Amino acid sequence: MKNSLKELIANAARKAHAAGVLTTAEFPAVEIEEPKNDTHGDFATNFAMLSAKAQRMAPRKIAQALLDHMEDPQAMILRMEIAGPGFVNFFLKPTAWPPVVQQVLAQDQTYGASAIGAGVRIQVEFVSANPTGPLHVGHGRGAAVGDSVANLLQLCGFDVQREYYINDSGRQIQTLGRSVLLRCRELLGETVVFPEECYQGDYIRDLARALIDAQGEALVRRSDDQAVLECARFAAQAIIAGIRQDLETFGISFDRWYSEQSLYDNGRIERSLEELKSRQVLYLQDGAWWFKTTDFGDEKDRVVVRQNGLTTYFASDIAYHRDKFERGFDRVIDVWGADHHGYIPRMRAAVEASGYAPERFEVVLVQLVNLLRDGLPVAMGKRSGDFVTLREVMEEVGSDAARFIFLTRDHESPLDFDLTVAKQKTNDNPVYYVQYVHARIASILRKAAEQGLSDLCWDDAAGARLVEVEEIQLIKALARYPEAVQAATLALAPHRITFFLMQLAALFHAYYNKHRVLGEDPVLSRGRLCLVAAVQKVIRNGLTVLGVGAPDQM
RNA sequence: GCGCCUGUAGCUCAGAUGGAUAGAGCAACGGACUUCUAAUCCGUAGGUCGCAGGUUCGAAUCCUGCCAGGCGCGCCA
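Residues numbered from 1 in each chain as written. Chains lettered and ligands numbered in written order. Predicted model: local features only at pLDDT ≥ 70, side-chain atom pairs only at ≥ 80, totals over all residues. Heavy atoms only, no water.

K.L.:
Mind showing me how you'd approach helix α6 (residues 171–187) here?
P.N.:
For the α-helix, the turn length of 3.6 residues means that residues three or four positions removed from each other point alike. Between the first and last C-alpha of α6 there are 24 Å, a value that for 17 residues agrees with the 24 Å anticipated at 1.5 Å per step. The buried count for α6 comes to twelve of 17 residues, which makes it a mostly enclosed element. Elements that come into contact with the buried residues of α6 comprise α7 (202–215), α8 (218–221) and α9 (224–249). At the C-terminal side of α6, G189 shows a positive phi close to 100°. (Helix = DSSP H or I, 4+ residues; strand = E, 2+ residues; numbered from the N terminus. Expected span 1.5 Å × (residues − 1). Buried < 20%, exposed > 50% of the residue type's maximum accessible area, 1.4 Å probe, protein only. Contact = heavy atoms within 4.5 Å.)

K.L.:
Teacher, can you tell me more about the protein's contact with RNA strand B here?
P.N.:
The environment of RNA strand B is formed by 62 residues, the closest being R306, H341, Y433, Y436 and S443. Of all atoms in RNA strand B that approach within 4 Å of the protein, 63% are sugar or phosphate atoms. Contact distances for RNA strand B include 2.5 Å between a phosphate oxygen and a side-chain N or O atom of R440. For the surface near RNA strand B, the elements supplying multiple residues, two or more each, are β4 (87–92), α6, β9 (288–291), α17 (430–450) and α20 (495–514). (Near = heavy atom within 4 Å. Polar contact = N/O pair within 3.5 Å; in protein donor to acceptor, adjacent residues only side chain to side chain.)

K.L.:
Sorry, what's going on with the domain arrangement of chain A here?
P.N.:
Under the domain assignment used here, chain A contains domain 1 (2–92), domain 2 (99–116 + 427–546) and domain 3 (171–245). Placing the centre of domain 1 and that of domain 2 at their C-alpha centroids yields a distance of 31 Å. (Domains from an automatic or database assignment.)

K.L.:
Explanation requested: empty space enclosed by the protein in the structure shown.
P.N.:
If a probe as big as a water molecule is rolled over the atoms, it shows which places are left empty. A complete count under the given rule lists three cavities of 30 Å³ or more for this structure. Approximately 50 Å³ is the volume attributed to the largest cavity. Every residue along the wall of the largest cavity is listed here: M1, K2, E34, F43, W97, K476, A479, R480 and E483. At four residues, the largest contribution of residues to the lining of the largest cavity is made by helix α19 (residues 469–490). Residues belonging to the lining of the largest cavity are distributed by class as follows: four nonpolar, no polar and five charged. Taken domain by domain, the makeup of the lining of the largest cavity includes at least three residues from each of domain 1 (2–92) and domain 2 (99–116 + 427–546). Volume-wise, the second largest cavity comes out at about 40 Å³. Residue lining of the second largest cavity: R141, V145, F406, L407, R409, D410, H411, P494 and H495, and that is the complete set. For the lining of the second largest cavity, the per-class residue count stands at four nonpolar, two polar and three charged. (1 Å grid on protein atoms, 1.4 Å probe; cavity = no way out; pocket = protein on both sides within 12 Å on 5 of 7 lines; lining within 4 Å. Points joined across faces, edges and corners; volume = space filled by probe spheres on them. Nonpolar A, V, L, I, M, F, W, Y, C, P; charged D, E, K, R; others polar.)

K.L.:
Which parts of the structure should I look at to understand the environment of V397?
P.N.:
Summarising the element assignment, V397 is placed in helix α14 (residues 390–397). Taking the C-alpha atoms as reference points, V397 and V363, 34 residues apart in sequence, are found 29 Å from one another.

K.L.:
Explain the pairing of strand β3 (residues 77–83) to me, please; I cannot follow it from the model alone.
P.N.:
The two faces of the sheet receive side chains in turn, since in a regular strand these alternate between them. With six bridges connecting them, β3 and β4 associate as antiparallel partners. Bridged to I82 within β4 is V88. (Pairing = 2+ DSSP bridges.)

K.L.:
Sorry if this is basic, but what is going on with the packing of α20 against helix α21 (residues 522–546) here?
P.N.:
Between two packed helices, what matters for the description is the angle formed by their axes and the separation of those axes. Where α20 meets α21, the closest approach of the two axes is 10 Å, and the angle between their N-to-C directions is 155°. Taken together, α20 and α21 sit at an angle that is classed as roughly antiparallel. For the pair α20 and α21, the sense of crossing is left-handed. Between α20, through I497, T498, F500, L501, L504, F508 and Y511, and α21, the contact on the second element is made entirely by R528, L531, V532, V535, V538, I539, G542, L543, V545 and L546. Here the contact of α20 with α21 is composed, by residue class, of 14 nonpolar, two polar and one charged. (Axes fitted to C-alpha atoms, helices over the stretch in contact; angles between N-to-C directions. Parallel < 35°, antiparallel > 145°, perpendicular 65-115°, else oblique. Left-handed = near helix turned anticlockwise from the far one by under 90°.)

Written out as structure tokens, the structure reads:
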């Protein structure tokens, strides 16, 4: 709807210029908005005001020129007016709207899809939690955001790959192995001092028990190094399996799990460091190798190889991101916890120094989650091992509620997640508010089927009966969905879909309370049935983007 | 000290590329179920968009400075 109007305006501008009324053909991009105030029409454009400078004309004069040259082949415009400083307001005929319903019904699951990303390969890397413990609530938010961003991109035609990077090398894995080994010894009757820097959670004990069951006491008889390694391997593997399962329960699966260790094993880290040396961005100082990230806008240089000869985490990341681009991705998106934001400049530097345009690398920062119960903070200490896992949250409030709530805020805003509210089945809890729309409509459709009205066959006669204000508002909202998807995608902001759905749900509930779908008049009933069926499809499509189910009954 | 994020109704938050009179929900108060699911709806009330300048036809939105809160500033990951 909006796009066809844009065409009309652009054509009018060209014609006006050809006719010599406008002085230059230098036009701004046509922008169209939906005025909040409906006395300003269905749509409005500020084209005349934006053109004033280039045309050296008064905005209202330009507006008049547009009106004089406007064509309307589909006869959808009722009237146009010039208003205020130079807005052009468009009032559409009531008959312009109902065809949208038909379009939604016809396109079904693909309504909202587009091809704006066609031919672009894009990778979204998210969660990537260290395999040293189960996922917690914060990871859940990152997972929900990352997966929905990927869904949005796919919907817009991008070729998307989801990837999880496993930090399965380095000191933390060693620590993991040590933690498990100590618990093993403890279980076998030794008295051990369990150091503070080891992982404290109960899951370490569980892993130790499982390992003893599998291997018996043979384990502790090995040399320390050997035993730690064995424990680490076993534990990391088990934890990753658990993470994978949690994510699956959460409705998320990855196309690829990428091992950090593999970057060492196949020499990629070595190679990328050599390459940086040859590009003269590495230098040796105090026995360590430094990357001159300051040449690329970072505030200080960063170490990639330590004095002791070990590479840093940053070195792995350089190799990893280089590999992403070598695999042919046009865009690379990392979803990170906001506490890593200080890492962005050096990572961007690394991308640029590796020979790739830094704009091709983007980071979505996800702010932290404050877990509450009855409005009071739930204690969360990673030190103490006393944190609430994603699995526990899913078990308590359900995956749908959790995912929806994670997406009720801009990912750059911190989020209060109240377990009590998440379980409530009231207006406080927007998941049910939206899902209820789907269930209610399903109920109407069942009822209609009982009455022999199962075929939603659309015709102009039925469409012409959709004249109530609430109906036109609903249809307008449906028409807005594809734009909402595109805007959310371009901004990598899935929460906009959440808000779109809440708004559509509000419009539907109001309509439902005021008008009956199934009534005496068969033609009217059919028209309304098509309308609510279309609403149901858009609700379902939107919930699918969020990874939330659309139930037929509640 | 430097950097990033945040500051909008009593509370929790939306406000795409700058647009016309700044919006929801909750909480408060008053109403609507013999009819397609009341997990719903309708109404009332609520504002110096942190503060001060600037840019322009026009600023919650862009720029500068300040104030408040969060996070980050390791040869850790």
